[in-house]
Amino acid sequence: RECEEDELTYKGMLRLASASACLELAARTQETLEEVRVPFLCLVAAEDVVVNNEGARELGRRASTPAGHQTFVEYPALHGLLCEPEPLRSAIEGAIVKWLSGRCECR
């Protein structure tokens, strides 16, 4: 409900060109997972029916990023993690901020 009331949430239909670009990017990314060498945070929704979470697990198996710089967190949520109700939404936002803060010089 919070996302439905959020004025910044897009409520229109997904354009065909946007959907096509997402699929093309996903396919290209699958082909080059071994080239990923940077730290990453991967948040997944356990109850997602839009995205297959196996892709996140495959990233972890195939990426060249050292295991200590790969962070995976699974939440009891649906697809839109930042659209979850409180207090889960704040927990997710907090995890993102904490991960980023641990990797940058924040003042």
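How each quantity is defined
Each chain has its residues counted from 1, running along the sequence as written. Local features in this predicted model are restricted to residues whose pLDDT is 70 or higher, and side-chain atom pairs enter the listing and the counts only when it is 80 or higher, whereas totals over whole chains, interfaces and linings include all residues. Only hydrogens and water are removed before side-chain values are computed, so all heavy atoms of the structure are retained for them. Counting from the N terminus, the helices are the DSSP runs of H or I reaching at least four residues and the strands are the DSSP runs of E reaching at least two. Contacts are assigned to residue pairs with any non-hydrogen atoms lying within 4.5 Å of each other. Think of a 1 Å grid over the protein atoms and nothing else: a 1.4 Å probe that fits but is trapped marks a cavity, an open set flanked by protein within 12 Å on at least five of seven lines marks a pocket, and residues with an atom within 4 Å of a point count as lining. Grid points are joined across faces, edges and corners, and a volume is the space filled by probe spheres set on the points. Residues are sorted three ways: Asp, Glu, Lys and Arg are charged, Ala, Val, Leu, Ile, Met, Phe, Trp, Tyr, Cys and Pro are nonpolar, and all the rest, Gly among them, are polar. Think of a salt bridge as a Lys or Arg side-chain nitrogen and an Asp or Glu carboxyl oxygen that are within 4 Å of each other. Working definition: with a 1.4 Å probe on protein chains only, accessible area under 20% of the residue-type maximum means buried, over 50% means exposed, and in between means partly exposed. For this analysis, a nonpolar core means a set of buried residues of the types Ala, Val, Leu, Ile, Met, Phe, Trp, Tyr and Cys, connected via side-chain atoms within 4.5 Å. Neither His nor the chain ends contribute to the count of charged residues, in which Lys and Arg are positive and Asp and Glu negative. Pairs of N or O atoms are called polar contacts if they sit within 3.5 Å, as long as, within protein, a hydrogen donor faces a hydrogen acceptor (for residues adjacent in sequence, only side-chain-to-side-chain pairs). Our arc is simply the arc of the directions from the helix axis toward the C-beta atoms. Strands qualify as paired when DSSP identifies two bridges or more between them. For crossovers, right-handed means that the path from the first strand over the helix to the second runs clockwise, given strands pointing away from the viewer.

**Q** Would you explain the side chain of Thr65 in this entry?
**A** Note on placement: Thr65 falls in the loop between helix 3 (54-62) and strand 2 (70-75). Discounting chain neighbours no more than four positions away, the residues touching Thr65 are Val36, Arg37, Val38, Pro39, Phe40 and Gln70.

**Q** Before we go on, may I ask you to explain the layout of surface pockets in this structure?
**A** Space inside the largest pocket adds up to approximately 560 Å³. Around the largest pocket, the lining is made up of 19 residues, and of these Ala26, Val51, Asn52, Gly55 and Ala56 lie nearest the centre. Listing elements by their share of the lining of the largest pocket, those giving two or more residues are helix 2 (16-31), strand 1 (40-45) and helix 3. When grouped by side-chain class, the residues that make up the lining of the largest pocket number twelve nonpolar, six polar and one charged.

**Q** How do you make sense of the pattern of salt bridges when you look at a structure like this?
**A** Side-chain pairs of opposite charge can arise where the charged atoms are in close proximity. Using the criterion set out here, one finds seven salt bridges in the structure. In this structure, Glu58 and Arg62 form a salt bridge, with 2.4 Å as the shortest nitrogen-oxygen distance. Separated by four residues within a single helix, Glu58 and Arg62 lie in helix 3, roughly one turn from each other. With relative accessibility at 24%, the residue Arg62 sits in the partly exposed group. Across the salt bridge formed by Arg89 and Glu93, the nearest N and O atoms sit 3.3 Å from each other. A residue pair is termed a helical-turn pair when its members lie 3 or 4 positions apart in one helix, as Arg89 and Glu93 do in helix 4 (residues 88-101) at four residues. Residue classification places Arg89 among the buried positions, given a relative accessible area of 17%. Beyond isolated ion pairs, a larger network of salt bridges with shared partners links Glu54, Arg57, Arg61 and Glu74.

**Q** Explain the nonpolar core to me, please; I cannot follow it from the model alone.
**A** Nonpolar side chains in soluble globular proteins generally cluster together in the buried interior. Of all hydrophobic cores here, the largest spans seven residues; its members are Leu33, Phe40, Cys42, Val44, Ala56, Leu59 and Ala63. Considering each element in turn, this core owes the most residues, three residues, to strand 1. If we skip the residues at most four places from it in the chain, Val44 touches Asn53, Ala56, Val73, Glu74, Tyr75 and Leu81. If you look at the next biggest cluster of nonpolar residues, it comprises six residues, including Tyr75, Ala77, Leu81 and Leu88.

**Q** Explain the side chain of Glu84 here, please?
**A** In this structure, Glu84 sits in the loop between strand 2 and helix 4. Buried charge without a partner: Glu84 forms no salt bridge, and the closest opposite charge is Arg89, 9.8 Å away. Among the polar contacts listed, one links the side chain of Glu84 to the backbone nitrogen of Leu78, at a separation of 3.0 Å.

**Q** What's the story with helix 3 in this structure? I'm lost.
**A** Think of an α-helix as 3.6 residues a turn; residues three or four steps apart then line up on the same face. Of the positions making up helix 3, those classed as buried are Ala56, Glu58 and Leu59. Buried residues in helix 3, looked at end-on, bunch into an arc of 160°, giving them a common side. Those residues of helix 3 that are buried are in contact with helix 2, strand 1 and strand 2.

**Q** It is not clear to me how the pairing of strand 1 should be interpreted in this structure. Could you clarify?
**A** Across a regular strand the side chains alternate sides, sitting on one face of the sheet and then on the other. Alignment of strand 1 against strand 2, held across six bridges, turns out to be parallel. When the sheet's bridge partners are listed, Val44 is paired in strand 2 with Glu74. The β-α-β motif built from strand 1, the intervening helix 3 and the parallel element strand 2 has right-handed crossover chirality.

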